[in-house]
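Here's the letter readout for the chains.
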Amino acid sequence: MMILEKKLKFYGLKDLEKIPQFNQLPEEQKFETKVVSHVLPFRTNNYIVEELIDWNNIPADPMFQLTFMQKGMLANDHFNRMADALRRDLSKEELKEIADDIRREMNPHPAGQAVANVPVLDDEPVAGVQHKYRETCLVFPTGGQTCHAYCTFCFRWAQFVNMDDLQFATDESKRFQQYLKEHKEISDVLFTGGDPMVMSYQKLNAYIEPLLGPEFDHIKNIRIGTKSLTYWPYKYVTDKDADKIIDLFDRVVDSGKHLAIMAHVNHHVELSTDVVNEAIRRIKKTGAQIRTQSPLIQHINDDSKVWSTMWKKQVNLGLIPYYFFVERDTGPKNYFAVPLHRAVDIFRDAYSEVSGLCRTVRGPSMSATPGKIQVEGITEINGEKAFVLNFLQGRNAKWVKNPFFAKYDEDAIWLDDLKPFFGDKFFFEKELDEFIQKKTDQLGKNDIHVVNF
Ligand SMILES: *Cc1c(COP(=O)(O)O)cnc(C)c1O
Ligand code: SF4
């Protein structure tokens, strides 16, 4: 397949009007997008604009919704405050102050869980590492704390607008390696971000290469969580360092480790271009596997047909459907959230339309403080409706695969909205509270805040 080279061009807030397709839109739509982009971080790129968005289907187009801000993404009060400020032509500094106020009110860091996943080495927290499930350690490379475009629904936006001091990122230094060396129970290292694949070959290699050495024999699987496959597939095809990246993947596989690309794919449209198909072909040729995951998001993929079409397409391309997430309850949740009972319906309808090869996917799953909790379905107990829940991953591994029940609630969108069906606490709550207390004591006043994965 002959793919023409494309040079990556980012579009941010100040470039909105330089996007010819955007400029054609009605003034009202343009103004709304501009208002919201002054608060939430906007970034798209020339590939998304030219090859993924259907500009004849605005504003409904899922790829437009995925990277362009919409009015409903802010509360009315917040929207009006910023719209007024722009109409009054306030200074840059004044606009920033208003934006920061609104952002603080939106609270991207759910309280209380701030410290729970941070590991400790020699009595000091290990920056840029989260270790929640015994086998798998998350690493956040400093150079990978941004993305090829920003998803409108993303809860990591605080770090993209510099509200955060990036204390949870790590450099290439030996500290995270030391932690991995000392923890032989860890079999999987998952590089995440932002997007680690925004890093140059050289940076990426500095993180991965050392793990191929003998002192990391216990690390069997290296995973890279990334959206680059569908936001910038040229990374693997025509970019300057594309061949070196592919060569690095080859070396990981040749070393005897499994390399898993955890690709974030929200809609089947993202798998439709020649360049993404070529990127998939090149990655798979190294022996790496590509597993896919996505949250369920209103306005983007809240339709079972979108999922069944996407999973079929993925399996056809040799990708492995992995996780179907419930969108977390932070950020512009009113715009994106889908109630749990609808998530169950959409998952079930999609799942029942595909062959067993697609049914490697698991969900709907909430990545909450106690673990990854799957909503298995809705049942009746003594004539009363109940959610059936289960841990896919637990902070305590013993919690996994013990079905439990919550009262049915039409409006519930997250674990916090649920009440136990029996008794007044879920079976894991006491232990979880004790754990968080212990961790808080251990880390003392270090006051690091961490996104709750
Ligand atoms: C999802 C997740 C993992 C990986 O879990 P798997 O089920 O092994 O894919 C690891 N750590 C955290 C914090 C996670 O949220
Ligand atoms: S690519 Fe991932 S980290 Fe980046 S904005 Fe999208 S969801 Fe967030």
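Residues numbered from 1 in each chain as written. Chains lettered and ligands numbered in written order. Predicted model: local features only at pLDDT ≥ 70, side-chain atom pairs only at ≥ 80, totals over all residues. Heavy atoms only, no water.

### Considerations on the layout of surface pockets
Taken as a whole, the second largest pocket encloses approximately 690 Å³ of empty space. Lining the second largest pocket are 20 residues; nearest its centre among them are Leu13, Ser37, His38, Arg103 and Val161. Considering every element that reaches the lining of the second largest pocket, the biggest residue donor is helix α6 (residues 92-106), with five residues. By residue class, the composition of the lining of the second largest pocket is 10 nonpolar, four polar and six charged. When residues of the lining of the second largest pocket are sorted by domain, at least three fall in each of domain 1 (12-104) and domain 2 (120-445). (1 Å grid on protein atoms, 1.4 Å probe; cavity = no way out; pocket = protein on both sides within 12 Å on 5 of 7 lines; lining within 4 Å. Points joined across faces, edges and corners; volume = space filled by probe spheres on them. Helix = DSSP H or I, 4+ residues; strand = E, 2+ residues; numbered from the N terminus. Nonpolar A, V, L, I, M, F, W, Y, C, P; charged D, E, K, R; others polar. Domains from an automatic or database assignment.)

### Section: helix α12 (residues 274-285)
The terminal C-alpha atoms of α12 lie 17 Å apart, and with 12 residues this matches the ideal 16 Å at 1.5 Å per residue to within 8%. The complete set of buried residues in α12 reads Val275, Val276, Asn277, Glu278, Ala279, Ile280 and Ile283. Each element contacted by the buried residues of α12 is listed here: α3 (46-52), α10 (228-231), α11 (242-254), β9 (258-264) and β10 (289-296). Just beyond α12, the residue with positive phi is Gly287, at close to 100 degrees. (Expected span 1.5 Å × (residues − 1). Buried < 20%, exposed > 50% of the residue type's maximum accessible area, 1.4 Å probe, protein only. Contact = heavy atoms within 4.5 Å.)

### Some words on the confidence of the model for the chain
Overall, the predicted model of the chain reaches an average pLDDT of 92, with 93% of residues at or above 70. In the model, residues 445-453 has pLDDT below 50 throughout and makes 37 contacts with residues more than four positions away in sequence or in other chains. (pLDDT = per-residue confidence, 0-100.)

### Description of the packing of aromatic side chains
Considering all chains together, one arrives at 34 aromatic pairs under this definition. Between Tyr322 and Tyr323, the ring centres sit 4.7 Å apart and the planes meet at 65 degrees, which makes this aromatic pair edge-to-face. Here Tyr322 and Tyr323 have matching classes, each one buried. An aromatic cluster of at least three residues, connected via ring pairs, comprises Phe391, Trp399, Phe404, Phe426, Phe427 and Phe428. (Phe/Tyr/Trp six-rings, centres within 6.5 Å; stacked < 30°, edge-to-face > 60°.)

### Regarding the pairing of strand β6 (residues 136-139)
Neither face of β6 is left uncovered, since the one carrying Thr136 and Leu138 and the one carrying Cys137 and Val139 both have all their residues buried. Sheet analysis places strand β5 (residues 129-133) next to β6, joined by four bridges and oriented antiparallel. The residue of β6 that forms the bridge with Tyr133 is Thr136. From the end of β5 to the start of β6, which pair antiparallel, there are two residues. (Pairing = 2+ DSSP bridges.)

### Examining the site of ligand 1
Lining the immediate environment of ligand 1, one finds 10 residues, of which Arg223, Tyr322, Tyr323, Lys372 and Gln393 sit closest. Arg223 is positioned with one of its side-chain polar atoms (N or O) 2.7 Å from an oxygen atom of ligand 1. Between Gln393 and ligand 1, the recorded distance is 2.9 Å, taken from a side-chain N or O atom to an oxygen atom. Notes on ligand 1: free accessible area 380 Å², of which the protein chains cover 90%. Elements with a minimum of two residues in the shell around ligand 1: β5, β6 and β11 (320-326). Among the residues forming the shell around ligand 1, the class breakdown is five nonpolar, two polar and three charged. (Near = heavy atom within 4 Å. Polar contact = N/O pair within 3.5 Å; in protein donor to acceptor, adjacent residues only side chain to side chain. Areas by Shrake-Rupley, 256 points an atom, 1.4 Å probe, with all protein chains shown as cover.)

### Some remarks on the pattern of salt bridges
Here the structure, examined in full by the defined rule, presents 25 salt bridges. A salt bridge links Asp101 to Arg104; its shortest N-O distance comes to 3.2 Å. Of this pair, Asp101 and Arg104 both sit in helix α6, three residues apart, which is roughly one turn of the helix. Of the residues examined, Arg104 reaches a relative accessible area of 53% and is grouped as exposed. (Salt bridge = Lys/Arg side-chain N within 4 Å of Asp/Glu carboxyl O.)

### A few points about the side chain of Thr230
Relative to the helices and strands, Thr230 is located in helix α10. With relative accessibility at 0%, the residue Thr230 sits in the buried group. Once you skip the residues sitting within four places of it in the chain, Thr230 turns out to touch Tyr47, Leu52, His264, Val265, Glu270, Leu271 and Val276.

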